[in-house]
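# Structural overview for review
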Amino acid sequence: IYYVTRTLLDTNDGGSVIRKGTVTNLINRGYKVIVVAPNYNNNHIIHTKSSIFIPINKNTRILSYAEHMGIIEDYLQFWAKRASKYLKKYVKDDDIVFCTSGGELGTIMLGYYLKKEVSCKFLVNFHDPLGYTTIYGKLFKISQKFHVSRDSSERKYLSSVDAIVTSTKFYAESLKKKYPILQNRVYYNYFGYIDKTIYVSEKKPSNVITIAYGGAMGHLLSPEILAYASRGFSNVKVIFIGNVSYFKKFDFSGINVEFYDSMNREAFLQFLSQNVDIGFLS
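Residues numbered from 1 in each chain as written. Predicted model: local features only at pLDDT ≥ 70, side-chain atom pairs only at ≥ 80, totals over all residues. Heavy atoms only, no water.

Looking only at helices and strands, one finds eight helices and 14 strands in the protein chain. Structurally, the protein chain occupies a C-alpha span of about 65 × 40 × 40 Å along its principal axes. For the protein chain, the residues scored as buried account for 45% of the 282 residues in total. Counting only contacts in the protein chain whose residues sit at least 6 apart along the sequence, the fraction spanning at least 24 positions is 62%. Accessible area of the protein chain: about 15,700 Å², with a carbon and sulfur share of 54%. Here the protein chain contributes 36 positive and 23 negative side-chain charges, whose respective centroids are spaced 4 Å apart. (Helix = DSSP H or I, 4+ residues; strand = E, 2+ residues; numbered from the N terminus. Buried < 20%, exposed > 50% of the residue type's maximum accessible area, 1.4 Å probe, protein only. Contact = heavy atoms within 4.5 Å. Areas by Shrake-Rupley, 256 points an atom, 1.4 Å probe, with all protein chains shown as cover. Lys, Arg positive; Asp, Glu negative; His and termini not counted. Charge placed at Lys NZ, Arg CZ, Asp CG, Glu CD.)

Spelled out as structure tokens, the structure:
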């Protein structure tokens, strides 16, 4: 399995934790997994037994702007072309190109190119819907900035998939309705748990209830509603863990709120266990 991902597996965000868990599960089931990702650090191709990092060689900020304006299909499209030229020397027709996406199209474009070149198996795993495409007729926006619709690109690059796996039933059903030709190729699989450990709060009871939100920040998630809901309650403390710069634009006066930077998974779980009563999900 060539496991294609935009993000590396050694960062603290939830997406990386899930991707690392997926790779581990596939290896435990007997597959040989090679992780394929952009090399953000330099302009060299790094090829080992378990990973292939291919440089972008472009200014991603400019490419992102061009994507928003519809000049290019995705900020990773040049990377996808370059990666396909390199990988077609190694990928065989009985291999699986397993393309994950958290909203970007470039990883899927790579699978599409390799499918055409070497007739490999092409699987798309949507962690999040493809950004700026319609779901039941409504445009899914990753940001509030102007962006052209990518429905035509979505239709093109999903046309040759062998399977699509989404993280929710809702998105799977929307794709089936949108593209009837894909009816028998779309599945859903909730993330579940990485291990069987049950984490129980070790926090001592007190008159103050502590509620925490940890993870991605942004308007799609809107974790700030937790803080606003707690305003006026002196016995409630709210904790946010992640990219806390997101909260600079909000007025939290009169609210008992604390902010912490992202932590690795073990530190995060330990912090929750010792300091938090209730977890808040977006």
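Time to look at the pattern of salt bridges. The tally for this structure, following the rule as stated, stands at 11 salt bridges. Here Asp-74 ties to Arg-150 by a salt bridge, and the two come within 2.8 Å at their closest N and O atoms. Here the residue Asp-74 occupies a position in the loop between α2 (60-69) and α3 (77-87), and Arg-150 occupies one in the loop between β8 (138-139) and α5 (151-158), the gap between them amounting to 76 residues. Residue classification places Asp-74 among the buried residues on the basis of a relative accessible area of 0%. Using a relative accessible area of 4% as the deciding quantity, one classes Arg-150 as buried. Among the salt bridges present, the one from Asp-151 reaches Lys-178, with a minimum N-O distance of 2.8 Å. One end of the pair, Asp-151, is in helix α5; the other, Lys-178, is in helix α6 (residues 169-178), and 27 residues separate them in sequence. You can call Asp-151 buried: its relative accessible area is 15%. Classification of Lys-178 as partly exposed rests on a relative accessible area of 25%. Linked through salt bridges whose partners overlap, the residues forming this network are Glu-67, Asp-74 and Arg-150. (Salt bridge = Lys/Arg side-chain N within 4 Å of Asp/Glu carboxyl O.)

With respect to the helices and strands, Thr-100 occurs in strand β5 (residues 96-101). Separated by 2.8 Å, the side chain of Thr-100 and the backbone oxygen of Val-4 make a polar contact. Not counting residues up to four positions away in its chain, the partners in contact with Thr-100 are Tyr-3, Val-4, Thr-5, Arg-19, Thr-107, Asn-125 and His-127. (Polar contact = N/O pair within 3.5 Å; in protein donor to acceptor, adjacent residues only side chain to side chain.)

The subject of this paragraph is the nonpolar core. In this structure, Trp-79, Leu-87, Leu-110, Phe-126 and Ile-164 are the most contacted members of the largest nonpolar core, which totals 45 residues. The leading source of residues in this core is helix α4 (residues 106-118), at seven residues. In contact with Trp-79, not counting residues within four places along its chain, are Val-4, Val-36, Ala-37, Pro-38, Ile-54, Pro-55, Ile-56, Gly-106 and Leu-110. (Core = buried A, V, L, I, M, F, W, Y, C linked by side-chain atoms within 4.5 Å.)

Next up on the list: the pairing of strand β11 (residues 209-215). Across seven bridges, β11 lies against strand β12 (residues 236-242) in parallel orientation. Across the sheet, Ile-211 pairs through a bridge with Val-238, a residue of β12. Note that the unit made of β11, helix α7 (residues 224-230) and β12 has a crossover that is right-handed. Pairing analysis gives two bridges linking β11 to strand β14 (residues 278-279), with the strands arranged parallel. Of the residues in β14, the one forming a bridge with Ile-211 is Ile-278. (Pairing = 2+ DSSP bridges. Right-handed = clockwise from strand over helix to strand, strands pointing away.)

Another point: the packing of α3 against α4. Where α3 meets α4, the axes come as close as 8 Å, and the angle between the chain directions of the two elements is 35°. α4 is crossed by α3, and the crossing has right-handed handedness. Residues Gln-77, Trp-79, Ala-80, Lys-81, Ala-83, Ser-84 and Leu-87 of α3 form the contact with α4, whose participating residues are Gly-106, Met-109, Leu-110, Tyr-113 and Leu-114. Along the lines of polarity and charge, the residues of the contact of α3 with α4 split into eight nonpolar, three polar and one charged. (Axes fitted to C-alpha atoms, helices over the stretch in contact; angles between N-to-C directions. Left-handed = near helix turned anticlockwise from the far one by under 90°. Nonpolar A, V, L, I, M, F, W, Y, C, P; charged D, E, K, R; others polar.)

We now examine the sheet that holds strand β1 (residues 2-4). Strand pairing in a sheet is mediated by backbone hydrogen bonds. Such pairs are either parallel or antiparallel. Across the sheet, eight strands lie side by side as β3-β4-β2-β1-β5-β6-β9-β10; this open sheet has mixed pairing. Strand pairing shows two members of the sheet lacking a second neighbour, β3 (46-47) and β10 (186-188), which therefore form its edges. Where β1 and strand β2 (residues 34-39) come together, three bridges link them in parallel fashion. If you follow Tyr-2 over to β2, its bridge partner there is Ile-34. Running at roughly 170° to β10, α6 makes contact with β6 (121-126), β9 (163-166) and β10 of the sheet.

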